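Structural characterization, general
Here is what each chain is made of, one letter per residue.
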Amino acid sequence: MLYKRNPQLNKNGELIHLLSIEGLPRDTLTHILDTAANFVSMNDREVKKVPLLRGKSVFNLFFENSTRTRTTFEIAAKRLSADVFNLDISRSSTAKGETLLDTIDNLSAMAADLFVVRHSESGAPYLIAQHVAPHVHVVNAGDGRHSHPTQGLLDMYTIRHYKKDFSNLTVAIVGDVLHSRVARSDIHALTTLGAAEVRVVGPRTLVPSDLSHMGVRVFHNLEDGIRGCDVVITLRLQNERMSGALLPSSQEYFKSFGLTPEKLRLAKPDAIVMHPGPINRGVEIASAVVDGPQAVILPQVTFGIAVRMAVMSIVAGNGAPP
Amino acid sequence: MLYKRNPQLNKNGELIHLLSIEGLPRDTLTHILDTAANFVSMNDREVKKVPLLRGKSVFNLFFENSTRTRTTFEIAAKRLSADVFNLDISRSSTAKGETLLDTIDNLSAMAADLFVVRHSESGAPYLIAQHVAPHVHVVNAGDGRHSHPTQGLLDMYTIRHYKKDFSNLTVAIVGDVLHSRVARSDIHALTTLGAAEVRVVGPRTLVPSDLSHMGVRVFHNLEDGIRGCDVVITLRLQNERMSGALLPSSQEYFKSFGLTPEKLRLAKPDAIVMHPGPINRGVEIASAVVDGPQAVILPQVTFGIAVRMAVMSIVAGNGAPP
Amino acid sequence: MLYKRNPQLNKNGELIHLLSIEGLPRDTLTHILDTAANFVSMNDREVKKVPLLRGKSVFNLFFENSTRTRTTFEIAAKRLSADVFNLDISRSSTAKGETLLDTIDNLSAMAADLFVVRHSESGAPYLIAQHVAPHVHVVNAGDGRHSHPTQGLLDMYTIRHYKKDFSNLTVAIVGDVLHSRVARSDIHALTTLGAAEVRVVGPRTLVPSDLSHMGVRVFHNLEDGIRGCDVVITLRLQNERMSGALLPSSQEYFKSFGLTPEKLRLAKPDAIVMHPGPINRGVEIASAVVDGPQAVILPQVTFGIAVRMAVMSIVAGNGAPP
């Protein structure tokens with residue numbers, strides 16, 4: 001951590017920004033998941049809206065393009081009745097030489113209440129959170145390789161939904177852990193919530209060697225890595241890794257680390273399979289697994305909206321830091 | 001048709017998707033036009049909104065860019081009080097190798113209620129409609145050369161508005177019929193609604209030879225084609241046809257098939273002139289006709305919003321297919 | 001002016017379009033500023049919305065891209081409860097050869113109530129305002145080098161907020177006056193509101209020689225230009241001027257015309273410093289001034305939202321021209 005005290009919490013220990021799962025207490029995570037559960041049940045109603053953020057302005061600041069993630073935040077904010085403004089940052093004033101913090105100051109002066117920030121640089125949302133006025137809130141929608149906390153939280157929601165309790169679970173995270181902010185967020189969340197064992201599984205070129213200090217077991221063989229697991233989280237393999245020095249080819253990768261029905265049989269019979277999307281069928285996961293009974297990939301998406309509603313309503317409801 | 005029974009109707013014969021005018025019964029078309037009439041009268045009110053889709057999520061999925069058409073659906077959905085999400089598909093996950101149906105599954109998992117789909121491939125909206133959950137609805141906003149049903153319906157609304165009854169009408173569709181989904185939709189709608197005579201008029205390179213089986217009369221001469229007509233529908237000439245083998249030049253085309261005031265005099269004195277827009281003045285139609293008293297091109301646009309409101313509110317109000 | 005009578009006012013002298021500050025009476029400007037003051041105080045409320053434009057459709061027509069300015073109008077319109085439609089004009093039908101006025105006619109037929117227009121051609125908003133139906137309103141969001149009236153008004157709001165009265169003020173506008181629609185709008189507004197003295201300050205290549213007829217004093221030396229001023233408005237230096245024949249380099253420019261704390265000491269001790277944004281730190285203004293106690297650049301942004309709310313609610317509330 002760059003900061004002596006956690007900048008995500010006010011002096012009462014309440015969540016005012018969501019920047020990273022690292023450093024958040026178990027109670028905070030549980031409170032978010034409990035709040036999300038209320039919003040999940042709302043999906044069955046005729047009118048899927050609540051007025052919790054009515055009259056508030058949510059700015060989607062995507063310095064890195066991600067239509068999917070932006071849309072999930074836009075949906076969540078509109079279901080909370082906020083006004084949502086999508087800024088195409090690459091075409092805007094930052095492109096004209098304005099500094100990041102000048103951009104933030106300007107948008108804050110337009111009476112922004114909440115910034116959802118995606119940035120290719122690790123730490124950018126921290127910088128923004130340190131800078132904004134006390135009544136303005138920041139939610140990290142993915143920064144560099146560092147963190148993707150709402151993805152981590154929706155993964156925890158999904159696991160809790162299907163497995164109830166974390167304390168006896170073995171969870172394997174499979175794939176390109178090196179470049180994955182999702183993996184980092186999942187590891188922190190699982191550790192905090194008390195999962196019995198967290199494993200990372202992948203080729204030596206894609207699994208950092210220094211992960212054992214995070215309390216995880218490292219495997220370079222898929223069969224060993226998923227044996228006896230309750231949960232298998234497969235990671236997306238970025239196409240741009242394929243042609244580089246890190247991997248021989250996507251077929252080679254699939255042969256060694258692609259999750260097939262055969263390999264999945266090594267996990268517990270009731271193991272669930274997760275994926276943050278978008279899926280590369282036949283690369284990190286076989287179509288038969290994606291479409292099979294153990295996959296909970298689409299429920300993850302549904303829960304993701306509720307988790308983002310929970311995060312936004314919680315931070316917006318909490319006061320300034322000391 | 002690819003399907004044995006019409007996938008647009010539920011077992012009670014109610015409209016649950018709008019994919020194509022082909023195969024829809026006359027009662028269904030009339031019901032849409034009657035519903036649209038209520039929305040047209042709403043335009044004069046101070047507040048042009050009704051809460052029929054409040055809390056519903058409408059996704060504009062434009063795989064092919066069309067700002068104009070997307071805007072008309074966005075306006076219609078917002079006037080029904082829906083939340084509208086515009087997805088820039090070309091920049092999103094489909095560009096990352098995700099399949100069309102995985103994209104649809106994902107968006108459905110975000111609790112989409114209605115997809116408005118524009119696609120360059122004929123049949124894409126059918127594929128999506130077959131795939132989605134029973135409570136999700138699909139409206140085709142144009143697929144390949146196949147169909148553009150809301151344009152067809154707004155054309156019918158316009159004709160009915162000015163001519164009251166279809167049974168004595170002669171309607172000429174003039175121009176690039178070969179590449180026009182509008183022409184196809186209009187022909188099906190006019191036939192279903194009982195127009196006395198439907199004509200298509202255009203050069204041999206732009207009028208398919210197999211149209212006579214659709215119950216239309218084919219003309220390759222504008223004067224003959226519009227003589228005695230009640231309605232003249234001019235089609236937009238795509239610029240990209242001009243430089244190809246299909247047409248010599250836009251000036252040549254205008255000389256032979258451009259609708260001028262002189263040629264329009266061959267139609268009935270009270271004939272109306274329609275165009276789906278955007279207009280190429282001086283190519284398929286003379287400015288004097290566009291700005292003249294017989295043109296009803298702008299009322300078409302106004303009626304188009306009401307027709308789209310009607311379609312969305314009708315499908316959203318009807319239950320699942322059997 | 002191109003027009004014999006002011007097309008912005010109806011026969012009762014009420015504002016129906018905002019096209020330019022030139023030609024608007026002092027009472028009209030004061031009425032806008034007074035109305036904006038009410039909206040500024042609204043920013044402190046929990047719900048920052050009023051229903052003044054509920055059910056109205058506002059179209060942002062940005063023929064020239066400006067994410068920042070578009071966002072300010074979008075925020076203002078949504079806080080008035082309007083439905084807002086952002087049209088990416090460069091990708092739409094105008095690109096398909098449709099004329100500007102055909103585009104306007106089409107959007108008007110979709111029941112637009114208010115157009116916010118940004119265009120690289122001076123006069124485009126006038127052309128549109130002359131063309132639209134009586135109940136449709138036009139707000140100029142910047143046209144060519146001609147006018148940027150809402151920026152001019154928010155500058156006046158800011159000056160009045162800090163200085164109360166215009167009659168004793170000396171205001172210096174510093175920088176690239178030649179290419180600045182902001183400068184033009186400010187000069188007209190300050191003259192109308194009765195500022196004691198308006199100065200323009202800049203290199204000979206960037207200050208038009210014919211400005212003295214507008215009632216301003218021209219300075220080509222920054223020290224002389226800001227001596228004794230109450231207000232210093234610095235203008236953004238467009239990067240594209242730098243490499244041309246007009247300016248040697250941005251360092252050279254900063255040495256001569258960049259506003260530093262030392263130079264600012266020549267102005268009155270309580271002088272305020274303004275900038276329309278986005279800022280080039282170290283080009284037209286030193287960071288120490290931007291971040292110093294005399295800068296009111298961020299309040300300008302806040303007031304800008306309120307001013308745009310005022311303009312939109314005023315024009316939408318006034319009837320047709322005679």
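Residues numbered from 1 in each chain as written. Chains lettered and ligands numbered in written order. Predicted model: local features only at pLDDT ≥ 70, side-chain atom pairs only at ≥ 80, totals over all residues. Heavy atoms only, no water.

Residues and elements named next belong to chain B. Of all five residues in strand S5 (residues 170–174), five are buried, a share of seventy percent or more. With burial as the criterion, each face of S5 is covered, one bearing Thr 170, Ala 172 and Val 174 and the other bearing Val 171 and Ile 173. Of the strand pairs in this sheet, S5 and strand S6 (residues 197–201) are connected by five bridges, and their pairing is parallel. When the sheet's bridge partners are listed, Val 174 is paired in S6 with Val 201. (Buried < 20%, exposed > 50% of the residue type's maximum accessible area, 1.4 Å probe, protein only. Helix = DSSP H or I, 4+ residues; strand = E, 2+ residues; numbered from the N terminus. Pairing = 2+ DSSP bridges.)

Another aspect to go through is the environment of Leu 29 of chain B. Residues and elements named next belong to chain B. Within the secondary structure, Leu 29 is located in helix H1 (residues 26–42). Given a relative accessible area of 0%, Leu 29 falls into the buried group. For the pair Leu 29 and His 179, spaced 150 residues apart in the sequence, the C-alpha separation amounts to 24 Å.

The transformation that overlays chain B on chain A combines an axial shift of 0.0 Å with a rotation of 120 degrees, and the residual RMSD is 0.0 Å. When the rotation and shift are considered jointly, the pair of chain copies conforms to a three-fold rotation axis. Take the interface residues of chain B: only 4% of them recur as interface residues in chain A, which is what a contact between different surfaces looks like. (Least-squares fit on C-alpha atoms with pLDDT ≥ 70 in both. Contact = heavy atoms within 4.5 Å.)

Residue and element names in this part refer to chain A. By domain assignment, chain A separates into domain 1 (17–148 + 302–318) and domain 2 (150–297). One C-alpha centre belongs to domain 1, the other to domain 2; they are set 26 Å apart. Across the contact, 33 residues belong to domain 1 and 24 residues belong to domain 2. Both faces combined, the contact of domain 1 with domain 2 buries some 2,400 Å², and carbon together with sulfur accounts for 63% of it. At the boundary of domain 1 with domain 2, the tally comes to two salt bridges. The residue Arg 160 makes a salt bridge to Asp 34 at a minimum N-O spacing of 2.9 Å. Linking domain 1 with domain 2 are ten residue pairs in polar contact (both at pLDDT 80 or more), by the criterion used here. Among the elements of the structure, helix H1 (26–42), helix H2 (67–79), strand S3 (114–119), strand S4 (137–143) and helix H12 (297–317) are those that each provide at least two residues to the side of domain 1 that touches domain 2. (Domains from an automatic or database assignment. Buried area = accessible area lost by both parts, 1.4 Å probe. Salt bridge = Lys/Arg side-chain N within 4 Å of Asp/Glu carboxyl O. Polar contact = N/O pair within 3.5 Å; in protein donor to acceptor, adjacent residues only side chain to side chain.)

What follows is about the packing of H2 of chain A against H12 of chain A. Residue and element names in this part refer to chain A. For the pair H2 and H12, interaxial distance at closest approach is 9 Å and the crossing angle is 60 degrees. By the angle between their axes, H2 is oblique relative to H12. At the point where H2 passes H12, the crossing takes the right-handed sense. Residues Thr 72, Phe 73, Ile 75, Ala 76, Ala 77 and Arg 79 of H2 lie in contact with H12, whose contacting residues are Ile 305, Arg 308, Met 309 and Met 312. A breakdown of the residues in the contact of H2 with H12 according to their chemical character gives seven nonpolar, one polar and two charged. (Axes fitted to C-alpha atoms, helices over the stretch in contact; angles between N-to-C directions. Parallel < 35°, antiparallel > 145°, perpendicular 65-115°, else oblique. Left-handed = near helix turned anticlockwise from the far one by under 90°. Nonpolar A, V, L, I, M, F, W, Y, C, P; charged D, E, K, R; others polar.)

Now for the sheet that holds strand S1 (residues 57–62) of chain C. Residue and element names in this part refer to chain C. Across the sheet, four strands lie side by side as S2-S1-S3-S4; this open sheet has parallel pairing. With one partner strand each, in any of the chains shown, strand S2 (83–87) and strand S4 (137–143) form the two edges of the open sheet. Strand after strand, the sheet turns through a mean of 15 degrees between neighbouring axes, direction not considered. Pairing analysis gives five bridges linking strand S3 (residues 114–119) to S4, with the strands arranged parallel. In the strand pairing of S4, Val 116 is matched with Val 139. Its contacts with the sheet place helix H12 (residues 297–317) against S1, S3 and S4, and it is angled at close to 145 degrees to S4.

Looking now at the interface of chain B and chain A. Each partner contributes to the interface: chain B provides 24 residues, whereas chain A provides 26 residues. Of the roughly 2,300 Å² buried where chain B meets chain A, counting both sides, 48% is carbon and sulfur surface. The closest approach of N and O atoms between Lys 49 of chain A and Asp 83 of chain B, which form a salt bridge, is 3.0 Å. Remark: the boundary between chain B and chain A carries nine residue pairs in polar contact (both at pLDDT 80 or more). Every element with two or more residues in the side of chain B that touches chain A is listed here: strand S1 (57–62), strand S2 (83–87) and helix H3 (100–109) of chain B. Partitioning the side of chain B that touches chain A into residue classes produces seven nonpolar, seven polar and ten charged.

We now examine the pattern of salt bridges. Side chains bearing opposite charge may pair, as long as their charged atoms lie close to each other. All names here are of chain A. Applying the stated rule across the entire model yields 45 salt bridges over all chains. A salt bridge links Lys 163 to Asp 270; its shortest N-O distance comes to 3.5 Å. Of this pair, Lys 163 sits in helix H5 (residues 149–163) while Asp 270 sits in the loop between helix H10 (261–264) and strand S9 (272–274), placing them 107 residues apart in sequence. A relative accessible area of 48% places Asp 270 in the partly exposed class. Through salt bridges with shared partners, a single ionic network connects Glu 64, Arg 118 and Arg 181.

Let's shift gears to the sheet that holds strand S5 (residues 170–174) of chain C. Residue and element names in this part refer to chain C. Judged by pairing direction, the sheet is parallel, and its five strands sit side by side in the order S7-S6-S5-S8-S9 without closing on themselves. On the outer flanks of this sheet lie strand S7 (217–219) and strand S9 (272–274), each paired with one strand and no other. If you compare each strand with its neighbour and ignore which way they point, the axes differ by 20 degrees on average. Relative to S9, strand S8 (residues 231–234) is paired through three bridges, and the arrangement is parallel. Bridge pairing in S9 places Val 232 opposite Val 273.

Counting residues at the interface gives 26 residues for chain B, matched by 24 residues for chain C. Between chain B and chain C, a total of about 2,300 Å² is buried, with carbon and sulfur atoms accounting for 49% of that surface. In terms of surface lost to chain C, no three residues of chain B exceed Lys 48, Thr 67 and Arg 68 of chain B, which account for 21% of the buried area on that side. Remark: the boundary between chain B and chain C carries three salt bridges. Taken together, chain B and chain C are joined by nine residue pairs in polar contact (both at pLDDT 80 or more).

Residues and elements named next belong to chain C. With respect to the helices and strands, Asn 318 occurs in the segment after H12. Residue class for Asn 318 comes out buried when judged on its relative accessible area of 17%. A polar side-chain atom of Asn 318 sits 3.3 Å from the main-chain carbonyl oxygen of Ile 314. Excluding residues within four positions of it along the chain, Asn 318 makes contact with Glu 14, Leu 15, Ile 16 and His 137.

The next thing to look at is the packing of aromatic side chains. Inspection of the entire model under this criterion finds twelve aromatic pairs over all chains. Taking the centre distance of 5.9 Å and the plane angle of 55 degrees together, the rings of Phe 59 of chain B and Phe 115 of chain B count as tilted. Separated by 56 residues along the polypeptide, Phe 59 of chain B in strand S1 and Phe 115 of chain B in strand S3 (residues 114–119) bring together distant segments of the chain. Accessibility classification places Phe 59 of chain B together with Phe 115 of chain B in one group, the buried group. Judged by centre distance (4.8 Å) and plane angle (55 degrees), the rings of Tyr 157 of chain B and Phe 303 of chain B are tilted. Of this pair, Tyr 157 of chain B sits in helix H5 (residues 149–163) while Phe 303 of chain B sits in helix H12 (residues 297–317), and the two are 146 residues apart along the sequence. For Tyr 157 of chain B, a relative accessible area of 7% translates into the label buried. Connected via pairs of aromatic rings, a cluster forms that spans Phe 59, Phe 85 and Phe 115 of chain A. Between Lys 78 of chain B and the ring centre of Phe 85 of chain C, over which it is positioned, the NZ or CZ distance is 4.8 Å. Over the ring of Phe 73 of chain C we find Arg 308 of chain C; its NZ or CZ atom is 4.9 Å from the centre of that ring. (Phe/Tyr/Trp six-rings, centres within 6.5 Å; stacked < 30°, edge-to-face > 60°. Lys NZ or Arg CZ within 6 Å of the ring centre and 35° of its normal.)

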